[in-house]
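Descriptive analysis of the structure
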Amino acid sequence: MAKKIGVYVCECGTNIAEKVDIDKVIAAVSPIKDVEVAERHKLLCSDGGKEFIKQSIAEHGLTHVVVAACSPKQHEVTFMNVCEQAGINPQLSQLANIREQCAWVTSSAEEATDKAIRQIRAAISRVKYHAPLKKKEVVVSPDVLVIGGGIAGIKASQLLAAPDRKVYLVEKASSLGGKVKSFSKLFTNMESGSSLITQEIKSLLDNKNIEVLTESEVEQILGFLGNFEVKVIRKAEGKEQNFNVGAVVLATGFELFDPKGLPQYGYGKLDDVYTSLEFEEMNIPDGPTGGKVLLKNGKPPESVAIIHCVGREEKDYCSKVCCLYSFKFDRMLQSQLPGVKVSHFYSDLCIPGKSFQKFYEGTKEMGVEFVRSAKTEVTGNGKGLTVKYETEFGKQDSSTTDMVILLPAMESSGDAQKFAEMLNIPLDEKGFLVEEHQLLSPVSSAVEGIFVVGCAQGPQSISESIVQSEAAAGKILSALVPGRKLELEVRVSEISESLCLGCKTCIDVCPYGAITFDETRRISVVNEVLCHGCGNCAAACPSGAARLKHFTFPQIYQELKEVLR
Amino acid sequence: MEEGFTPKIVGFLCNWCSYAGADLAGATKLEVPSSLSVIRVMCSGRVDPVLVATALLHGADGVLVAGCHPGDCHYREGNYYARRRFALLKKTFETLGLDSDRLMLAWVSASEGQRFGEVTNEFANQIKKMGPNPMKTKNTL
Amino acid sequence: MTGERAMTNKEQNAPVLVIGAGIAGIEASLLLANSGRKVYLVEKTSYIGGNVIKFEEVFPNMDCATCMIAPKQQELLANENIELLTLSQVEAVSGSFGDFSVKIRKKARYVDLENCIGCDACFDPCPVEVDNEFEERLLKRKAIYVPCAGALPNVPAIDTENCLRFKGQDCKACQEACMFEAIDYTQQDEDIDLKVGAIVIATGFSMFDISKTTEYGYKKLSGVYSAMEAERICASNGPTQGQIILQGGEPPKSVAIIHCVGRKEKGYCSSVCCMASLKLSHFIKAKLPEVKISQFYSDLCIPGKAYQKFYEEVKESGVDFIRAVVTEVSKSGNELAIKYKTEDGKENTLTVDMVILNPALEPGADSSKLAEILNIPQSKDGFFSEKQPDLTSVDTIKEGIFIAGCAQSPKDIAETVAEAEATAGRILSLSK
């Protein structure tokens, strides 16, 4: 089919016209083969300018459009839309930058004009090689799999569930609730965590759009955004359950760093050295001690030492919430055992935000002692425990205590590793699943369609975990609308079956895991749902099989050829 | 070195950082060598070493590849691959006795309009001093 | 409590009002708009991007802030479901979840958003020069201005308080310089009535006014800067094009960064300043490898999985960390003397060329006015109060009105974005 290219050169008021000799440009490009018409206009991005192009397209029966104006970053989409409205596939257009990168940066009018002509010639040559790429859509499932039935998983499920969006909540334990079940009090309002979670669970179980699978584990997840195939093992029945979802939320929670590996604290050797979770359990009404804070000998402690940052040096991060929940412990202790002497041994207080300093000051007012210690050790002394500490100035001292509560670092739960492997999500060196972008996409994992929330993402408070669950819900609700197809990026990569050698280099370099290997045909295949169009595969491919649509070698070569003429 | 020699320099700029930086140089009306012709790619990682070699063999006196600063790549890692390929290409050029100084890799962010001006002017001056590309005798268009 | 009552159809589909076009407002707007909802994004200033675009780099990975946020800004401006109202403020709100009536006061820009192509030709001829607030008054701007190069939308606004024409004189300098007929003095302030189903408060933060303190010599001694002034000095599109130089034009040989300025007065920890101080150290040391940097702090606040590593890198680069209370900054010849007291009671002095003061974060300037209009309680410091402090931080006591970002409490960008996404989650969810 004969090509008929319309070339439109924008004056941009005087921005381009005062430097570039537009008449000369028009004269230079008009004779080029396939250029049907070359015109100038005062301001092409204005309503008048856009109409002008549309009318010209109709009048001349154009097949391709080249606009010479400002940067494509400003108006590529504008002129693509004009083409579409005029009946031309928007990909059959090209915008030559003769303003920001020509008229505005070249003081010599002669040089600016020559440069403009070069860039427009390049655009004309290139556009002839453009393909009329079509928009693609895929059907997606709006349903969601939530892994982990703690507070984060529960909140995400509640927010996502709807008559046209089913949520599958998979929990490996026999009941829901996670860690919050064990918290008799929450900071800062000192309300019951177990009551909170009980209410949430009840409300969740009433929700007809949530299928709860307890005592179950996810065995396999295949697929990609919009189309994940999930296999769950129901341990109690020994059965398999399979279903499809569009997105996955990982809410596998945390475990505490095991202080047994740190002999200086005596955990596991000395009596009455507890971790924070053990202390929490002591306070649950139906817990091992009936809710009473007791030493091994059955008596209540008269003094308690709380040691911060246990394992911080080994893990190399601050677990964010331990200072805060330790102040909660102070209140719990004082409330149950009025007159108990509590001392904290800490390095830096981490109390960020508008309310937490007040919470800390209230704790101090209760008579709780705070000792800044660079090195802390716990030893037995025959009658009880001795806490030895060294200040930052090298001064050494010690104090005796009945009970020690250690605040160990919070680690991602062991399941994170399993899912990292299953889903191909990298784990950072701290063991947490890596986000898509630490600042701008904190709850999206590096794999599209899979979200990580709560302590699986990083140590954080209940409030922050709930916010993250709501955030994941927000991203899923925004992207996967029931009944709406997912629109794909048009300028994606494709791999020629005949040219592909099966070397898999493209698979290695793809930042999005968008390329898979078809074992039967022994070739690489691009998943257009996941491809972002960066072109790394095209650059890496030794045989030229991988090409990035709209940025193919021939297309770029056309530009190259013209600018070097 | 030839007097009055106007070099032809090709710049492959990535859409998200360096192309935007070049636009900013324009918005702030800095002087950028008119000998530079820009070809936009989505990512510096798209720049195949064959493209760069082709440019030089077809008459470019200098080739500039510019991308986002390491760590800032819009596509996460593309610029790391660009860096590796470029290093290998430079080495190949040296091994073949070709002038690898005609190749330049630069990181220019979207807010570095000034830097874009500096980098391109410096490169253009360097190429001018080096004279025309000796490879462009037979294959030049 | 979620799950209690499913939304009515009205609540489900109604447009949403987002107040504040910083990173929180932008993210919430995009998520809502991409799901098909109409969004009115109301922004008090003439530009989008809020505080994030003032930073050259952001912690912990030293991302280029403007590069990082540019795709989001462009996506926002191109999104057909988002109606951006700049130079606009909320004047009145009535109604309830699903059915709020909002009155917006939109100030005139006096420059046509459609016709203006951002060529900047109107700046030179303007005879008025005033301090540029965006540049922390380290640079001047004209009465017709954009806050900085690269600000979006790339269309200037006329500052009617300083423009000669709006003060009664017949000056037409900018209009005469514009060849696109984009400058229109006849534009009027508008009252816009909107009907929305939900509201997101994303008004961000401002910084504690350091001139309320006396011990640091701020605004009195040369070489003493606020953190935001330092950020602008570091910025490649700022007053010094990213060169770290003092008023005399020379780079400093030694720098002290003082944390917790205003913490005593405000009574809370602003969460991000330790990290921001580390970032400034890192940046300055990269630009001036020989510089000596000392940090004065009380407790190091570097929470979460990502921050400690950065602290350790900064420490290894030779930055000194001094746990102390700074009692006085005074002039000492050509330098500045910092008197400080460590926790063992000892007093000491350190002499430096440059002092950077890191102040507390406060809620955005018009928060109290907005809280009154929305009838939402604030903490005594002016932060918008969440409904239940130990549960999600995005709920207010008013159903359908949500908060995201530093308007609720000082926090970093990741937490801000999570909250913005959370408000979208709450609004888009059928459950409440």
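The shown structure was predicted, so the numbers you read here are calculated from the model rather than taken from an experiment.

Calculation rules
- Residues numbered from 1 in each chain as written.
- Chains lettered and ligands numbered in written order.
- Predicted model: local features only at pLDDT ≥ 70, side-chain atom pairs only at ≥ 80, totals over all residues.
- Axes fitted to C-alpha atoms, helices over the stretch in contact; angles between N-to-C directions.
- Helix = DSSP H or I, 4+ residues; strand = E, 2+ residues; numbered from the N terminus.
- Parallel < 35°, antiparallel > 145°, perpendicular 65-115°, else oblique.
- Left-handed = near helix turned anticlockwise from the far one by under 90°.
- Contact = placed C-beta atoms within 7 Å.
- Nonpolar A, V, L, I, M, F, W, Y, C, P; charged D, E, K, R; others polar.
- pLDDT = per-residue confidence, 0-100.
- Pairing = 2+ DSSP bridges.
- Buried ≥ 20, exposed ≤ 12 C-beta atoms within 10 Å, placed from the backbone.
- Arc of directions from axis to C-beta.
- Domains from an automatic or database assignment.

**Some words on the packing of helix α13 (residues 462–479) of chain A against helix α10 (residues 413–428) of chain C**
Between α13(A) and α10(C), the shortest axis-to-axis distance is 6 Å and the interhelical angle comes to 60 degrees. Taken together, the axes of α13(A) and α10(C) are oblique relative to one another. Relative to α10(C), α13(A) is oriented so that their crossing is left-handed. For the pair α13(A) and α10(C), contact is made by A:V467, A:Q468, A:E470, A:A471, A:A473, A:G474, A:K475, A:L477 and A:S478 and by C:A418, C:E419, C:E421, C:A422, C:A424, C:G425, C:R426 and C:L428, respectively. Residue composition of the contact of α13(A) with α10(C), grouped by class: eight nonpolar, four polar and five charged.

**Concerning the confidence of the model for chain B**
For chain B, per-residue confidence averages 91 on the pLDDT scale, and 94% of positions sit at 70 or higher. Two numbers describe this predicted complex: its pTM, 0.92, and its ipTM, 0.95.

**Quick look at the interface of chain A and chain B**
Across the boundary between the two partners, chain A contributes 35 residues, which contact 38 residues of chain B. For the side of chain A that touches chain B, the secondary structure elements donating two or more residues are α3 (72–85), α4 (99–103), α5 (109–127), α15 (536–540) and α16 (553–563) of chain A. The element contributing the most residues to the side of chain A that touches chain B is α16(A), with six residues. Class assignment of the residues belonging to the side of chain A that touches chain B gives a composition of 16 nonpolar, 10 polar and nine charged.

**Notes on the pairing of strand β19 (residues 335–342) of chain C**
Residues and elements named next belong to chain C. Sheet topology places strand β18 (residues 320–332) next to β19; eight bridges connect them, and they run antiparallel. Bridge pairing in β19 places V326 opposite Y340. Following β18, the chain reverses through two residues before pairing antiparallel with β19; G333 in that reversal takes a positive phi of roughly 65 degrees. Note that β19 and strand β20 (residues 347–352) share six bridges and pair antiparallel. Paired with K341 across the strands is E347, a residue of β20. Between the antiparallel neighbours β19 and β20 lie four residues, among them G345 with a positive phi of about 90 degrees.

**Regarding helix α8 (residues 308–316) of chain C**
Residue and element names in this part refer to chain C. Taken residue by residue, α8 has Q308, Y311 and V314 as its buried positions. Around the axis of α8, the buried residues are gathered within 120 degrees of arc, so they sit on the same side. What points out from α8, more than 90 degrees from its buried face, is the exposed set E312 and E316. One or two steps after α8, the chain reaches G318, where phi turns positive at roughly 105 degrees.

**Section: the sheet that holds strand β20 (residues 396–401) of chain A**
Residue and element names in this part refer to chain A. The strand order across the open sheet formed by three strands is β18-β19-β20, and the pairing between neighbours is antiparallel. Only two strands of the sheet have a single partner each, and these edge strands are β18 (375–380) and β20. Adjacent strand axes in the sheet meet at a mean angle of 20 degrees when their direction is disregarded. By the bridge criterion, six bridges tie β18 to strand β19 (residues 385–390) in an arrangement that is antiparallel. Residue pairing in the sheet places E377 in a bridge with K388 of β19.

**Concerning helix α12 (residues 415–423) of chain A**
Residues and elements named next belong to chain A. By the burial criterion, the buried members of α12 are A416, F419, A420 and L423. For α12, the angular spread of buried residues about the axis comes to 110 degrees, placing them on one side. Taken together, the buried residues of α12 touch β9 (216–224), β12 (247–250), β22 (410–412) and β25 (450–452). Looking one or two places after α12, you find N424, whose phi comes out positive at around 65 degrees.

**Some points on the domain arrangement of chain A**
Interface size is often expressed as the accessible area that is lost when the parts come together. Domain boundaries in chain A define domain 1 (5–133), domain 2 (144–253 + 413–479), domain 3 (258–406) and domain 4 (488–549). If you average the C-alpha positions of domain 1 of chain A and of domain 2 of chain A, the two centres end up 51 Å apart.

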